[in-house]
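# Structural description and commentary
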Amino acid sequence: MSAAPTATSSAAAATSPTSSSALCPHCGGSGFYKKAVPFGHPDFARLFPCTCKLAEQEQREAARLLEISNLAAFLDKTFETFNPNVPGVRRAYLRALEYARQPRGWLILFGNYGCGKTHLAAAIANQLIQNHYRVLFAVVPDLLDHLRSTFGPSSEIEYDQRFEDIREADVLILDDLGTENTTSWAREKLFQIINHRYNFALPTVITSNRKPEEIDPRIFSRMSDRALCEEHIIIDAADYRRLPIAQRYPIASAQRRLK
Ligand SMILES: [Zn+2]
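Let me sum up the structure you'll find in this document. The written sequence of each chain sets the order in which its residues are numbered from 1. The model is predicted, so local features are restricted to residues of pLDDT at least 70 and side-chain atom pairs to those at 80 or more, both for listing and for counting; the totals for chains, interfaces and linings are taken over all residues.

On to the sheet that holds strand β3 (residues 106-111). What the five strands build is an open sheet, ordered β4-β5-β6-β3-β7; its pairing is parallel. The sheet is open, and its two edges are formed by β4 (135-139) and β7 (232-235), each paired on a single side. Pairwise comparison of adjacent strand axes, ignoring direction, gives a mean angle of 15 degrees for this sheet. Note on contacts: residues are paired as contacts if their backbone-placed C-beta atoms lie within 7 Å. Axes here mean lines fitted to C-alpha atoms, for a helix over just the part in contact, with angles spanning 0 to 180 degrees between N-to-C directions. Helix and strand definitions follow DSSP, with helices as H or I runs of at least four residues and strands as E runs of at least two, each counted in order from the N terminus. Against the sheet, helix α3 (residues 90-101) engages β3, β6 (204-208) and β7, with an angle of about 135 degrees to β7. Relative to the sheet, helix α5 (residues 140-150) contacts β4 and β5 (171-175), its axis offset from that of β4 by approximately 100 degrees. Any two strands with at least two DSSP bridges between them are considered paired.

This part covers helix α7 (residues 184-199). A helix's residues, less one, multiplied by 1.5 Å, set its expected span. When the terminal C-alpha atoms of α7 are compared, their 22 Å separation across 16 residues agrees well with the 22 Å that a helix rising 1.5 Å per residue should span. Each residue is classified by how many other C-beta atoms fall within 10 Å of its C-beta atom, where C-beta atoms are placed from the backbone; a count of 20 or more means buried, 12 or fewer means exposed, and values in between mean partly exposed. Within α7 the residues assigned to the buried category are Leu190, Ile193, Ile194, Arg197 and Tyr198. One face of α7 carries all of its buried residues, which in axial projection span an arc of 140 degrees. Exposed positions of α7 whose direction lies more than 90 degrees from the buried face are Ser184, Trp185, Glu188 and Asn199. Working definition: the arc comes from the directions between the helix axis and the C-beta atoms, pointing outward to the latter.

Our focus in this paragraph is the environment of Val205. Its place among the elements puts Val205 in strand β6. The buried category is assigned to Val205, around which 25 C-beta atoms lie within 10 Å. Placed 100 residues apart in sequence, Val205 and Gly105 show a C-alpha to C-alpha distance of 8.6 Å. Beyond its immediate sequence surroundings of up to four residues, Val205 is in contact with Tyr99, Leu107, Ala121, Ile124, Ile173 and Leu174.

Below, the discussion takes up the packing of α5 against α7. Interhelical geometry of α5 versus α7 gives an angle of 105 degrees and a closest axis separation of 10 Å. The angle between α5 and α7 falls in the class roughly perpendicular. Every residue of α7 that contacts α5 at Val140, Leu144 and Leu147 is listed here: Ala186, Lys189 and Leu190. Roughly parallel here means an angle under 35 degrees, roughly antiparallel means over 145, roughly perpendicular means 65 to 115, and every remaining angle is called oblique.

Moving on: the pairing of β7. Going residue by residue along β7, you find Ile233 and Ile235 tucked away on one face and His232 and Ile234 left uncovered on the opposite face. As judged from the four bridges shared by β3 and β7, these two strands associate in the parallel manner. Among the inter-strand pairings, Phe110 is bridged to a residue of β7, identified as Ile234.

Before going further, it helps to spend a moment on the pairing of β6. Among the five residues of β6, five are classified as buried, and the element is accordingly described as predominantly covered. The two faces of β6 match: Thr204, Ile206 and Ser208 on one face and Val205 and Thr207 on the other face are all buried. When β3 meets β6, the two strands line up parallel, connected through five bridges. Its bridge partner lying in β6, Trp106 is registered against Thr204. Where β5 and β6 come together, three bridges link them in parallel fashion. By the bridge assignment, Leu174 is partnered in β6 with Ile206.

Everything listed is a geometric property; what it means functionally is a separate question.
Here's what the structure looks like:
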């Protein structure tokens, strides 16, 4: 029993001199630095976090976001596995692709259940994570459940931390807006998150299958600000189901005609 902890601690002892011998050239390993400014300068004697410390912090934040995201269920939802040739989805596909390359402003995808909007939203998330963005992908009702579960007098710090992570993610992807249950607490939290993203013009993707009038008007008005969001993309893949059989399944119909 005692062998394992000993091995672990000696391993840790063996690695720490190595890491401290490769001290950060900017801060000498302290994690902070001072600017070379004269006395009287507002930055004089102030400590600034070093890039090495920031990188560490970013990694921790990214890990926490991944934990909330629960993207594991959506790992196969990538651009490669999306079929852009299904009628009605092409425009949304191209916009999503562009957004994943350069996330700026808000991308809003409306469409019925099964139209592919969640697939596109997850594809954006997976792509951006690969490119080292701190991404939070969340199905809105799950996100609110998660926040509620960490909310409480005993876990105030954890809750504050989570809320901060969500608000400040490089890219926040909210799937299925409008399906959340509408306790006033949840409504308020969701509004606070979205309002923060709005006030600071932070990259945000929102999908919904609701009609505009079914969305909290405070949220919808922010989604409709042209400065952040040029257009609402409506995926009309329902057209696909309305197509005549011959167009939906051209090969099968041709075979039928041959018989
Ligand atoms: Zn450093």
